[in-house]
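Each chain is listed here by its residues.
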Amino acid sequence: MLTLLAIWLAVCIALMLIGYGGRLHSAGMPLAYFLGLSLIHTPGAAVYIDFPKWDELAVRTEAGFAETVVGMVAFLVGVMIARSATKSVSQLPKTWHPSQLATLDRLALLYLFGGICYFGLGSFVTIPSAGAAIAALSSLLVVGSSLRLWVARQEKNSTKLWFSISLLPLLPLITVIRGGFIGFGTYWLLSIVSFSYAQSKQRLGYFLIAPAFVFVGLSVFVNYMAARTAYREAAWFQQVSIEERFDHVLDIFRNFEWYDSENSKQREVIDGRLNQNLLVGAASERLNLGTVNYANGSTLVTMAIGLIPRALWPDKPQVGGGGTVVEDFTGIRFANGTSVGAGQVLEFYINFGTWGVIGGFLLYGWLIGSMDLKIMESLERGDQRGFLLWFTVCLALLQPGGNLLEVVVSAAGSAITSIALGYFVNRRFDVNSVPSATNSHSTVT
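Not measured: the values here are computed from a predicted model.

Novice: Give a description of the overall build of the protein chain that names residues and reports values.
Specialist: Looking only at helices and strands, the protein chain features 18 helices and 0 strands. Expressed as a percentage of contacts within the protein chain between residues at least 6 apart in sequence, the contacts between residues at least 24 apart total 78%. For the protein chain, the accessible surface area stands at approximately 21400 Å², while carbon and sulfur atoms represent 63% of it.

Novice: If you had to explain empty space enclosed by the protein to someone new, which residues and values would you point to?
Specialist: What the rule picks out here adds up to 2 cavities of 30 Å³ or more. Of the pockets and cavities examined, the largest cavity occupies roughly 60 Å³. Lining of the largest cavity is provided by Leu-15, Met-16, Ile-18, Ser-26, Gly-28, Pro-30, Leu-31, Ser-194, Tyr-197, Ala-198 and Arg-203. For the lining of the largest cavity, the secondary structure elements donating two or more residues are helix H1 (2–16), helix H2 (29–46) and helix H9 (183–199). Among the residues making up the lining of the largest cavity, the classes are represented as 7 nonpolar, 3 polar and 1 charged. Estimated volume of the second largest cavity: approximately 40 Å³. In terms of lining residues, the second largest cavity is bounded by Ala-136, Leu-140, Leu-388, Thr-392, Ser-414, Thr-417, Ser-418 and Leu-421.

Novice: Now, about unusual backbone geometry: what can you tell me, with residues and values included?
Specialist: Residue Lys-156 is not a glycine yet carries a positive backbone phi of 55 degrees. Counting through the fold element by element, Lys-156 comes out in the loop between helix H6 (139–155) and helix H7 (158–167). Phi is positive for Asn-296, close to 50 degrees, though the residue is something other than glycine. Its place among the elements puts Asn-296 in the loop between helix H13 (277–289) and helix H14 (298–306).

Novice: Could you give an account of helix H16 (residues 343–380), naming the residues involved and the relevant values?
Specialist: Residues spaced three or four apart along an α-helix face the same direction, because each turn holds 3.6 residues. Between its first and last C-alpha, H16 extends only 33 Å over 38 residues, short of the 56 Å set by a 1.5 Å rise per residue. Along H16, the sharpest change in direction is near 135 degrees and occurs at Phe-352. Count one or two residues on from H16 and you reach Gly-382, which has phi positive near 80 degrees.

Novice: Help me get a handle on the packing of aromatic side chains, residues and values and all.
Specialist: Two measures describe an aromatic ring pair: the distance that separates the ring centres and the angle between the ring planes. The final tally for this structure, using the stated rule, is 13 aromatic pairs. Relative to Tyr-206, the ring of Tyr-197 lies with its centre 4.9 Å away and its plane at 80 degrees, an arrangement referred to as edge-to-face. Note on Tyr-206: relative accessible area 23%, which makes it partly exposed. Through a chain of ring-to-ring contacts, three or more aromatic side chains come together here, namely Tyr-33, Phe-75, Phe-348, Phe-361 and Tyr-364.

Novice: I'd like to hear about the packing of H9 against helix H10 (residues 204–237), residue by residue, with values.
Specialist: Where H9 contacts H10, the axes come no closer than 13 Å and their chain directions differ by 165 degrees. With respect to each other, H9 and H10 are oriented roughly antiparallel. Handedness of the crossing formed by H9 with H10: right-handed. Contacts between H9 and H10 involve Leu-189, Leu-190, Ser-196 and Tyr-197 from the former and Tyr-206, Phe-207 and Phe-213 from the latter. A breakdown of the residues in the contact of H9 with H10 according to their chemical character gives 6 nonpolar, 1 polar and no charged.

Novice: How would you explain the pattern of salt bridges if you had to name every residue and give the values?
Specialist: The final tally for this structure, using the stated rule, is 7 salt bridges. The salt bridge partner of Arg-148 is Asp-105, with a shortest N-O separation of 3.0 Å. With a gap of 43 residues between them, Arg-148 in helix H6 and Asp-105 in helix H4 (residues 98–121) connect regions that are remote in the sequence. Each member of the pair, Arg-148 together with Asp-105, is buried. Where Glu-155 meets Lys-160, a salt bridge forms, and the shortest distance between an N and an O atom there is 2.9 Å. Residues joined in a network through salt bridges with shared partners are Asp-105, Arg-148, Glu-155 and Lys-160.

Novice: Please give an account of the packing of H6 against helix H17 (residues 384–397) that cites residues and values.
Specialist: At their nearest, the axes of H6 and H17 sit 10 Å apart, and the two run at 125 degrees to each other. Judged on the interaxial angle alone, H17 and H6 are oblique. Taken as a pair, H6 and H17 cross one another with a handedness that is right-handed. When H6 is examined against H17, the residues Ser-139, Leu-140, Val-142, Val-143, Ser-146 and Leu-147 are found in contact with a partner set consisting of Gln-384, Phe-387, Leu-388, Phe-391, Thr-392 and Leu-395. Classifying every residue of the contact of H6 with H17 gives 8 nonpolar, 4 polar and no charged.

The rules we used
- Residues numbered from 1 in each chain as written.
- Predicted model: local features only at pLDDT ≥ 70, side-chain atom pairs only at ≥ 80, totals over all residues.
- Heavy atoms only, no water.
- Helix = DSSP H or I, 4+ residues; strand = E, 2+ residues; numbered from the N terminus.
- Contact = heavy atoms within 4.5 Å.
- Areas by Shrake-Rupley, 256 points an atom, 1.4 Å probe, with all protein chains shown as cover.
- 1 Å grid on protein atoms, 1.4 Å probe; cavity = no way out; pocket = protein on both sides within 12 Å on 5 of 7 lines; lining within 4 Å.
- Points joined across faces, edges and corners; volume = space filled by probe spheres on them.
- Nonpolar A, V, L, I, M, F, W, Y, C, P; charged D, E, K, R; others polar.
- Expected span 1.5 Å × (residues − 1).
- Bend = angle between axes of the 7 residues up to and from the residue.
- Phe/Tyr/Trp six-rings, centres within 6.5 Å; stacked < 30°, edge-to-face > 60°.
- Buried < 20%, exposed > 50% of the residue type's maximum accessible area, 1.4 Å probe, protein only.
- Axes fitted to C-alpha atoms, helices over the stretch in contact; angles between N-to-C directions.
- Parallel < 35°, antiparallel > 145°, perpendicular 65-115°, else oblique.
- Left-handed = near helix turned anticlockwise from the far one by under 90°.
- Salt bridge = Lys/Arg side-chain N within 4 Å of Asp/Glu carboxyl O.

The following block contains the structure:
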C-alpha cells in the first residue's frame, strides 16, 4: 500500500506543478479533479497502512486502489498530452485597466448571485429535461468566486482576496443546511482553491498547509457523519426551519472531536464512506472469478440514451442512478431508494478492465486538460463568454464519484445554460470595449 500511496503522491505533486513558470497557464481543473477523486479513494486506502489484520476488505481495498493509481497516472499523461499539443502561447496582459477589472468584479458578483438563485429555483422547476440546465446554475458559485479571487490578485487587493477566501467554508455549510449533503459544497470548495492555487506564484505555502487542511477536513467529516442521520431526520422528515437546522449544525461543533487514526469508530467511518476502492476491488474479484461478465461498453450506450431529452422522448426508459450498476458488479446490496455513484474508476474497469481504466482516464485527462487551457485562454483574452462556457462544462466533468451518464448530462446542461447566459454577459460585460491598459496611463501593475 505504501508504494501505491507514494505513486499517488508523485502524481499529486506533478499536477500541482502544472502551469508554474510555463508559457501555458492553468485554471487548476486537473488538480481539482484529482483532489476530488482522491477524497473518495485515498483516505480509505491510507486506513490500511500497517493494518494488523489483512482481511478481505484490505485485499479488496488494495486491488481497487491499484486501479485508481493506474488511472491517475493515465490521467496525468492525458493532461500533459493536451498541454503539449497546444501551440498557442497564453496572451496574459501585463497590466489591466482599473475599469476592466471593475467590470470583471461586477460580473463575478453577478455569477455569485446566479449561483444563489439556484437554491431557490431548484425546488420548483418540474419541466422535463430542465433540471440539468437549472442545476448548472450552482456552478456559477464556483465561477464567480474564482473570478473574484483572480480580480483581487490582479488588483493586488489583499483585503478583497482574503475576505473572499474567508467565505469559502460557507459553501459546504450551505449544502449541509439546505439538503444535508456535505459533498457538493466540498467539491465546489476544492475547485475554487485549485483555481486560486494555479494563479499563485508562491505555491510553497499551499504545500506547507496541505497536511493541516487534510487533518481538519477529515475531522469535520467524521463529526458530520456522526450527526448526519439525526440531522437528515430533522431536515427531511420533520421539516425543521433554517434556524433549527443551523442549531443542529452548531451541535456538531459543540461536541467536536479531532480525527484520530487510532479511533476504531472513526476508522470505520472513513473505510465505509471514503473508500470507493472497496467497490472497485469487489467488482474486480467477481469479474476475475467469472461471476459476472464485463459490460463491454453497455454503460456507454446507457449514457448515450441519457443524452436524449425526455421532452423529446417521454417514454424513455429510466437510466438514472448507479445503484443497479454497482450492485450488479460488486454483489453489494444497498437499501431501497439508495442511489450509489459508480465513479469513473469502477465504470471504466467494469467495461474493459485495466485497459479500460487506462484508456478512459487518458481521454478524461485530455478533455479536462484541454478545457483547462481554454478557460485561461478565454479569461486572458477578455472572452467572458468562452470563459463561462469552458469553466462550467469542465466543472460538470469534475464528478469523480458520479456515473458517466450523470456527468455527461450535467455537462450538456451546463453548456446550454452557459451559452444562454453568454449572450447577456457578452453584451453587458465586454472588457475589450472599455479602455485598455495599453492606451491609458492609469494602470494596475
